[in-house]
Amino acid sequence: MDDATSWLPGDQIVIASTDYSMHQAEEFNLLPCPECNAYQVKIGKPRYLHVGEVLDGIDMRAEVGLLSRNILIKGEMEDSCYGQNYCHFFNYDTFGGQIQILRNFASVHLSSVELTNMGQQVLGSYPIHFHLAGDVDRKGGYNPPTYVDNVAIHHCFSRCVAIHGTNGLLVKDTIGYDTLGHCFFLEDGVEQRNILYHNLGLLTKPGTILPSDRNEIMCVSIRDQVCGNYIPVPSSDCMAVTTFWISNPNNHLINNAAAGAQDVGIWYIFHRTPTGESVGQFPDGQSEFTPLGIFYNNRVHSNFKAGLFIDNGVKTTKCNDKDPREVLAIDFARFRPHQNADPRQPRVPAVIDGLITFKNNDHGAWARGGDIIFRNSGFSDNGIGLTLASDGTFPTDEGSSLEVSKSIFVGESINVGCNGGQNRYWGKGAHGEYRTLPRNRTFPIRGFQIYDGPVRLTQCTFKKYSPAHERYCSALGFFMRNPWQISPQNNVSRVKLERSVNLEVFFGRPGQWFGSNSLDGDWTSIFHDLDGSVTGFPNTFVARADNYLVRHPGCLSVPRWNGVICTGKYAQLYVQAWHPENPSLLIAKDLYPNHPLKLQGVNRRAPYQQYQPVVMLEQAYTLSWKGRTPEQIVLYPINFNRGDWIQVGLCYPRGTVFKVMSDINQRPHGRVHSVRRYKAASSLHVLRKNRSKNQYFFDTNSGILYIILQAKHPRKGHSYCSKHGCERVRILAHINSWETNSCLQTGYSKRDTSVLDHLSPLTGRVAAPCSQCGAPQIAITSDPHRTYIRLQVQSQSRRDLQDSHKFAFIQVNDSTFLLEKPGLFFVTVDACSGEIWGRQHFNTIQVDSIAHYIQEAIPERSIVLVGSRDDLGWPLTYVSSAFLRFGAPKPIKFFMEGSFAMLGFKGHPKPAWIKILSHSVGQPAASLQQYVPLKLHEYGCPGKVKENRRDLKLFQELLLSPV
């Protein structure tokens, strides 16, 4: 789509993979091509399929990078590896050249340079290395600011551009191809205000320098920096090689492409403290709280682990007896952006705008922390499209949130891929076609995956999520084998599930990938359907079918989801238990005493065990323990609004003596206030009648201690607790007998079940389709100024007549025209405005009329859609020459019987999107789907096409604004 007249015969280019394997990237030398126009070059025959279209609303066009430059800088290489250059990992020489830029230079502007055979598997020796250069923009006195522009770095041996202790650098229009270790690399965690604009990185391979650079073999083999006999764990210590390694969030990524890395395309990783030679420059934890710079119109695909990853940190201390891992191994961190990087000030949402992610084996994108917002994005053909995971469980996280909006999710697009090039899996798709597959032939594909929460999904579109033999495939799913909390504030709204989605939601089943499907988070998975756009019932909750803590008689079972749809109000009960530390909790809703939920808890190295079941408000629950009853229990009502309540019964041995108190805990400061001592009520009836009073009742016959948990203060936003702090009830028990007491059955007959009377069945099913649901039907980044139109032609053959669900139609965006009679049906569209100009039907005997219509009635600059409906068979041979007007390179073979579909253009050029299919009888009906650009210069549209390039505007603002 870009002018390529400056690319000359003999120049070397690389075409990126558009499949799961980065190794399908291919190099070519341009061939002489006098017949090429300004937008064409000529190459040899590719080995692999490289997509050049917008498919199913996602821009999957392969990036094409020019590797040749007028200025060539290259290292002098030996014929083989030698010396101490890790020859047991590399069978070639990796000791290349290097360029290093140090502090206090006069001026550095690298432009139109080709670098090859550069870099070394030695710390600090990279093709381009800005080393502790400080501020290199106007803030540092450089005018014009320092930049790396239009540079090709390829076949190099350690990184591409290393930005170390350097701020304000512009890296623009630069290619990093076939390199070792992190490619565009921010080193110590202090680098800020750098601008990465319109760069391409692909075929990023493992290296040896840092643990995060290494693959599995390197990870366990290189142990000179670990302590003792520690053997690194590859999946958690290493295996993180990344094309764009961003160690501080205050940097700007605009219009870049990460088109294939061994592990991750773009990784935002957080240094708890600055490392290397930048130690001490920032306070501890600052990068985790630093707001995100601009992230706009970036593409990530063909990466093995993830396209975009926002999570984790690096170990910032040397190995020791307590932690024998090597410094800079992958470690724990959380992204929690706040104003001025100060956790005491308001959160500043991190915005991921215009991300395109496709054909990543594991995740299209993974983000943990809060607040983080994805919008205007596209996810296609990933193992899992997007996972949003909260900062952590309560009480670690005070209430962050994540959101995705106006985005498209596609399960299996019409990009079927190409077997070979180190693609691992090749098998049948949902409709029986052979295609490349992510992760494994049986891996359960999910579009949007919920983990922790709260997360919000709004105004998104899902397409082509259909289970296949031995493989589940759902639009919405949950993190598998999940021991953590799940928030009932997870919610969806204005979601569009297209007809090609055959499994909307899936809660998993015991078996491969899901294990026993019985961890705490597996049991308690839930989300809120605000408007009924998923379930058809507004203001309902969708939960796992066998979770009787949230069920009631009015719920609707959906067996294929392994789920239920329920009305009601839901929150969480957070339980801490001391002495003993690790008991299992049995909790039952009093309505279903025979269906208790067994929770293992999440210890997380705390001196107590903790549990977070989702509960239905205004209901009664009973808690029992496997083994000894804990001597100290603390109950928190979290996600409760003021006035919300539940009744809790706790099993104790008879003769237990209690001390019950309530208080409010201000987590950030650890302060406790509003301490109140509970008094014993005379009966359960008195306790229920006075819910707001600080009372408890112990039924000595059943051994149940009853408490009403009621929130007394308002809660704001997604905070778990009120602004005053977290309300809680602490129970100290002096237990005279260590007998175990399971009171789930024994006490039930004595309970007052009046609290169970407020359960309502499902009512008010959504009757009409939602006109405001779903995302714009295209997710495209590289041409934000260009308008596209969605076109589809579905013909019908006699073979299809046996299937009542198949019919013939032509669709232009959301306008659908049914082919109700046999024959040919034409729809014409203005290629400049997208306006539908006309439509015309021809029956089996109007051959001359068809030819006349094509020649005389269809205006120039028309997109022409043609579909057929064949009920009896009809001849079309005589009109084949007329169809040459729509760009066919040679006469079309028409069958006497069968189906026909065409996307054509009437005018002088022959656009690349022209397609014509003609199938004989007995074959599947001809079908075409295409996103066609409008207002292209080659169409000859009148007037000047106005370009609204937001990415250029953002880029110019960054360069011109004071810093």
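Please refer to the structure higher up on the page.
So, here's what we can say about the structure. (Residues numbered from 1 in each chain as written. Predicted model: local features only at pLDDT ≥ 70, side-chain atom pairs only at ≥ 80, totals over all residues. Heavy atoms only, no water.)

**Digging into the sheet that holds strand S68 (residues 915-920)**
Here comes step 1: Within the open sheet, the five strands sit side by side as S65-S64-S66-S67-S68. Their pairing is antiparallel. Since the sheet does not close on itself, it has two edges, and those belong to strand S65 (836-842) and S68, each with one partner. Averaged over all pairs of adjacent strands, the angle between strand axes in this sheet comes to 10°, irrespective of strand direction.
Here comes step 2: Across six bridges, strand S64 (residues 823-830) lies against S65 in antiparallel orientation. When the bridges of S65 are listed, Val 827 appears paired with Arg 839. (Pairing = 2+ DSSP bridges. Helix = DSSP H or I, 4+ residues; strand = E, 2+ residues; numbered from the N terminus. Axes fitted to C-alpha atoms, helices over the stretch in contact; angles between N-to-C directions.)

**Section: the sheet that holds strand S18 (residues 200-205)**
Here comes step 1: Spatial ordering of the open sheet is given by S6-S9-S12-S15-S18-S21-S24-S28-S31-S34-S39-S42, a layout of twelve strands whose pairing is parallel. Of all the strands in the sheet, the pair left with one neighbour each is strand S6 (71-74) and strand S42 (496-497).
Here comes step 2: Bridge count between strand S12 (residues 152-154) and strand S15 (residues 175-180): three bridges; the pairing is parallel. Looking across to S15, one finds that His 154 is bridged to Tyr 177.

**What about the pattern of salt bridges?**
Here comes step 1: All chains considered together, the criterion is met by 36 salt bridges.
Here comes step 2: Between Arg 325 and Asp 331 there is a salt bridge, and its shortest N-O distance comes to 3.3 Å.
Here comes step 3: The class of Arg 325 is buried, set by a relative accessible area of 14%.
Here comes step 4: The closest approach of N and O atoms between Arg 439 and Asp 362, which form a salt bridge, is 3.1 Å. Of this pair, Arg 439 sits in the loop between strand S36 (434-436) and strand S37 (445-451) while Asp 362 is found in the loop between strand S28 (356-358) and strand S29 (363-368), placing the two residues 77 residues apart along the sequence.
Here comes step 5: What you see here is one network of salt bridges that share partners, running through Asp 59, Arg 61, Glu 63 and Arg 299. (Salt bridge = Lys/Arg side-chain N within 4 Å of Asp/Glu carboxyl O. Buried < 20%, exposed > 50% of the residue type's maximum accessible area, 1.4 Å probe, protein only.)

**Regarding unusual backbone geometry**
Here comes step 1: With omega at -5°, the peptide bond leading from Gly 370 into Asp 371 counts as cis.
Here comes step 2: Mapped onto the fold, Asp 371 is located in the loop between S29 and strand S30 (372-375).
Here comes step 3: With a phi close to 60°, Arg 861 is a non-glycine residue in the positive phi region.
Here comes step 4: With respect to the helices and strands, Arg 861 occurs in the loop between helix H6 (847-857) and strand S66 (862-869).

**A closer look at the pairing of strand S67 (residues 898-906)**
Here comes step 1: With respect to burial, S67 is a largely interior element, nine of its nine residues being buried.
Here comes step 2: Note: S66 against S67, six bridges, orientation antiparallel. Residue pairing for S67: Ile 863 is matched across the bridge by Phe 905.
Here comes step 3: As paired elements, S67 and S68 share six bridges and run antiparallel to each other. Looking at S68, one finds that Ala 901 is bridged to Leu 917.

**Here we look at the side chain of Arg 69**
Here comes step 1: Relative to the assigned elements, Arg 69 resides in the loop between strand S5 (64-66) and S6.
Here comes step 2: Buried within the structure, Arg 69 lacks any salt-bridge partner; its nearest side chain of opposite charge belongs to Glu 114, at an N-O separation of 6.6 Å.
Here comes step 3: Engagement of the side chain of Arg 69 in a polar contact is seen with the backbone oxygen of Asn 150, the distance being 3.0 Å.
Here comes step 4: Residues within four places of Arg 69 in sequence aside, it is in contact with Ser 112, Val 113, Glu 114, Asn 150, Val 151, Ala 152, Asp 173 and Ile 175. (Lys, Arg positive; Asp, Glu negative; His and termini not counted. Polar contact = N/O pair within 3.5 Å; in protein donor to acceptor, adjacent residues only side chain to side chain. Contact = heavy atoms within 4.5 Å.)

**Things to note about the packing of aromatic side chains**
Here comes step 1: Overall, the coordinates contain 38 aromatic pairs when judged by the stated rule.
Here comes step 2: Residues Phe 270 and Phe 335 carry aromatic rings whose centres are separated by 4.8 Å and whose planes lie at 15° to one another, so their mutual orientation is stacked. Taken together, the residues Phe 270 in strand S22 (residues 264-271) and Phe 335 in the loop between strand S26 (330-331) and strand S27 (350-353) connect sequence positions 65 residues apart.
Here comes step 3: Of the residues examined, Phe 270 reaches a relative accessible area of 1% and is grouped as buried.
Here comes step 4: Relative to Phe 658, the ring of Tyr 652 has its centre 4.8 Å away and its plane inclined at 80°; by these criteria the two rings are edge-to-face.
Here comes step 5: For Tyr 652, a relative accessible area of 0% corresponds to the buried category.
Here comes step 6: An aromatic cluster is present here, built from Trp 245, Trp 267, Phe 309, Trp 366, Tyr 451 and Phe 479 joined pairwise through their rings.
Here comes step 7: Over the face of the ring belonging to Phe 185 we find Arg 159, whose NZ or CZ atom lies 3.9 Å from the ring centre. (Phe/Tyr/Trp six-rings, centres within 6.5 Å; stacked < 30°, edge-to-face > 60°. Lys NZ or Arg CZ within 6 Å of the ring centre and 35° of its normal.)

Scope: geometric values only; no functional claims are made or implied.
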